[in-house]
Amino acid sequence: MDMSLYPHAVAMSADEFMTWSDAIINDLLSTGTKKTVDKLTGPIWAWGMKNSMHPLHWGLACCALEMAAASAPRYDAERYGMIYRSSPRQTDILLVNGWISKKIRPDLRRLYEMIPNPKWVVAMGECAISGGPWYDSYNCIQGLDQIVPVDVYIPGCPARPDAMIDGFMLLQKKIEDYFRRGNFMED
Amino acid sequence: MAEVYQSPSVDEIKQALTSNFPDVEIISTEERRVKAKCPREISHDVCQFIHDNLTFEHCSVVTAVDYVDHLMVVYLLANYYNGVMIDLNVDVPDDDLHIACVTDIWQGANWHERETWELFGIVFDNHPRLERLLTPQNYEFFPFRKSYKMRSQE
Amino acid sequence: MADSLVPVLEAQERMDTDKMWVIWGPQHPFSHGLWTLKLQIDGEFCTDADPIVGYLHRGWEKETENRDYARIIPMTDRLCYCASMTYSHLYCMTVEKALGIDIPEKAKYIRIVADEVCRIQSHLMWLAAVGTDMGNLTVFLWSMREREYFLDLNVKLCGARMTTNYPRIGGVRNDTTELFDRDILRTVDRFEKAMWDIIYLIDDSSVFVSRMRNISFLTREQCANMGLTGPAMRGCGVDFDIRRDDPYDNYDKIDFEVPVLNKDTKVGDTYDRYMIRIEEMFQSCDIIRQAVKKIQALGKNAPYRIKTPTKVPAGTTFGRLEDPRGESIMYLASDGTDKPYRLKVRSPIFTNVSCSKAMCKGVRIADVPAVLAQIDMCLGETDR
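Read on for an overview of the structure. These numbers were taken from a predicted model, which means no experiment stands behind them. (Residues numbered from 1 in each chain as written. Chains lettered and ligands numbered in written order. Predicted model: local features only at pLDDT ≥ 70, side-chain atom pairs only at ≥ 80, totals over all residues.)

### A few points about the overall build of chain B
Helix and strand content of chain B: 3 helices and 7 strands. N-terminal to C-terminal, the α/β element order of chain B is α-β-β-α-β-β-β-β-α-β. Dimensions of chain B, computed from C-alpha atoms along their principal axes, come out at roughly 50 × 30 × 25 Å. In chain B, which comprises 154 residues, the proportion classed as buried is 42%. Considering only contacts in chain B between residues 6 or more positions apart, those separated by 24 or more positions represent 47%. (Helix = DSSP H or I, 4+ residues; strand = E, 2+ residues; numbered from the N terminus. Buried ≥ 20, exposed ≤ 12 C-beta atoms within 10 Å, placed from the backbone. Contact = placed C-beta atoms within 7 Å.)

### Some words on the interface of chain A and chain C
Often, the extent of an interface is quoted as the loss of accessible area on bringing the components together. Tallying the contact residues gives 27 residues for chain A and 26 residues for chain C. Of all elements in the fold, only helix H3 (62–70) and helix H4 (105–114) of chain A reach the threshold of two or more residues within the side of chain A that touches chain C. Tallied by class, the residues present in the side of chain A that touches chain C amount to 16 nonpolar, 5 polar and 6 charged. (Nonpolar A, V, L, I, M, F, W, Y, C, P; charged D, E, K, R; others polar.)

### Some points on the environment of A:Pro118
Residue and element names in this part refer to chain A. Of note, Pro118 is situated in the loop between H4 and strand E2 (120–124). Under the C-beta neighbour-count criterion, Pro118 is labelled partly exposed, with 13 such atoms within 10 Å. Taking the C-alpha atoms as reference points, Pro118 and Met49, separated by 69 residues in sequence, lie 9.6 Å from one another.

### Observations regarding the sheet that holds strand E3 (residues 152–154) of chain A
Residues and elements named next belong to chain A. Strands sit in the order E1-E2-E3 across an open sheet of 3 strands; the sheet is parallel. Each having just a single partner strand, strand E1 (93–96) and E3 make up the two edges of the open sheet. Recorded for the sheet is a direction-independent mean angle of 15 degrees between the axes of neighbouring strands. Bridge count between E1 and E2: 4 bridges; the pairing is parallel. Counted as the bridge partner of Leu94 is Val121 from E2. Packed onto the sheet, helix H6 (residues 161–180) meets E2 and E3 and runs at close to 170 degrees relative to E3. (Pairing = 2+ DSSP bridges. Axes fitted to C-alpha atoms, helices over the stretch in contact; angles between N-to-C directions.)

### Here's the deal with the interface of chain B and chain C
Taken together, the contact pairs 26 residues of chain B with 27 residues of chain C. Put simply, the parts of the chain that give the side of chain B that touches chain C at least two residues each are strand E3 (58–67), strand E4 (70–78) and helix H3 (109–120) of chain B. In terms of residue count, the dominant contributor to the side of chain B that touches chain C is E3(B) (6 residues). Of the residues belonging to the side of chain B that touches chain C, the class tally is 13 nonpolar, 10 polar and 3 charged.

### Quick notes on the nonpolar core
One finds A:Val122, A:Ala123, A:Met124 and B:Leu77 to be the most contacted residues of the largest nonpolar core, which totals 204 residues. With 16 residues, the single largest contributor to this core is helix H5 (residues 105–133) of chain C. Those residues in contact with A:Val122 that sit more than four places away from it in its chain are A:Ile93, A:Leu95, A:Asp151, A:Val152, A:Ile154, A:Gly167 and A:Leu171. (Core = buried A, V, L, I, M, F, W, Y, C linked by C-beta atoms within 7 Å.)

### Brief notes about unusual backbone geometry
Excluding glycine, residues mostly carry a negative phi; peptide bonds, for their part, are mostly trans. Cis geometry marks the peptide bond from A:Asn117 to A:Pro118; its omega dihedral reads -10 degrees. The linkage connecting A:Cys157 with the following residue, A:Pro158, adopts the cis geometry, with an omega of -5 degrees. By the element assignment, A:Pro158 lies in the loop between E3 and H6. The backbone of C:Asn165 shows a phi angle near 55 degrees, a positive value even though the residue is not glycine. With respect to the helices, strands and loops of the structure, C:Asn165 is situated in the loop between helix H6 (137–158) and strand E4 (167–168). Of note, the phi angle at C:Asn250 is positive, near 70 degrees, even though the residue is not glycine.

Here it is as structure tokens:
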């Protein structure tokens, strides 16, 4: 671990910087330091991320109105830290709340890929889970998990705001579990 | 020069249409409703007459029904002064799917005609922009024809 | 276009500026529905607009050809999910017309009550969206709070908040429940007082009003020709409301006013189109009170539903209804079986969105959300 080179990091070229930082990371991984650090900081990440779940400001169909009602006064989702963000770069969660047509499919995949890691996907409503009432449509995808990996499924047609908040509490448990495992961001 | 009615009653409409266009057949009339049928060649003239002389300023719907050997284009036109609606049916044969476009009379028909083309394949001659609207651009079939079967109909 | 903009636009013509297409993409916080608006802007002013819809197309009309008449009612709810009661009402009305039956008086009045509750709740959702568009989140919170009381009424009546599945072919699913009259009158009384808080928040705010006044003028001619229907058209001078001029289901027995602005000047701006919906909410309260009285006069044992045949005789019919967003029509071509041959839905927003080009021309790009909020989009019915 040649940290003595650290003050010169600003003067390195891109290639030199990559080789130097790769060397440091490989060192940490081989000695198990990363694992220890992860185990120690895991609970802090868990607490931070589960209490500030930021979904994408994106409404597709009927369940979107219940999503809006969930952040309204009666069912106040903001007490869980859920603030909707307009740009996918600033979000953690892709909340899909409507049927997925073939026209939106490439945009949905692009939005999913634009959200930085760690990210979670919540399928809200029957249409996102399995195509819903539109089982014989020529234009509807039969389920969100055909396009992106889904973490939480919230059933309902439309899913009541309480059901949506319950789903998010389940997601909180999943987030906590992910970080406490002490083995994340292995890339 | 035909008379201009601002708020024509159902009987006045019936009389005006049949006297000016003998080929128009009035199928039925009800309170505030007139159902008429006209041949394809004069459909644009009839629509122009209904707009100018009968003051039907609003074109609500332009759609089609697929009766396998022919298609029926349906125009639902509305009058804002007395709530009367005319239901105009025009038959289009299956082997020659063309009909005159009424977007130059009513701007509101623009998207309706586009949608009817993309779902049925009926070409509206002289439409400013006959492109796919609701379905993705790469679809090549006309979904609402009876010949296209959905998953559960096969 | 307002006269004050003319010198600016002329100056821009002299400068050799380039026009640019900006895409208000499918994922946008202010688009209220899944659609794309391509705006051509020249500096700050819009010169052209090209809406792209179809992201929610399911082939709804084709799917109905595969289901019995009774099974289509839950599907009609999901056409316009903000105002689901009016669409299922429209569908039931159309099939009843095709069958040639007349439903009981009580069912008609209950449908009126349910429709007007739906109208108020839909307009409150619109108001919440307008507030968010203009950046005033208090309006969003207060409108949603009021809306919850009306959704409670839906729950008391039929069990579901939004997609209610309540009207049936031949009447309604169930009679009004115990103490429903008491609850609905209490809600309406409370709403009429609480609504003034929200109105003062908007009308007394010169920022809010100046973002809507003198922006995006539309003439009566344009509205009628482009097919723009609903409160937006009544704000521009077209004096037409289907409930009054082409009445259905006992609306002719109810005494109410239709708010119309600019009947003489025949030109309306964004603020006029906004004002109509606020007025309509108060008129709906009036209608609800009268209809509830009439239901009480009919008594507890009056029938609310009749048995209907499952097969509809061959022929074509259509039903027409005043949706909170405009004029909706359902055109049914039947062939004597128990499934429709062709069921076409005329959605008001489909035509209203196509008018966005005329609405956005000459408007500053910062005002585009305010202008488009007045259409009150619900894309489920546009794309079907």
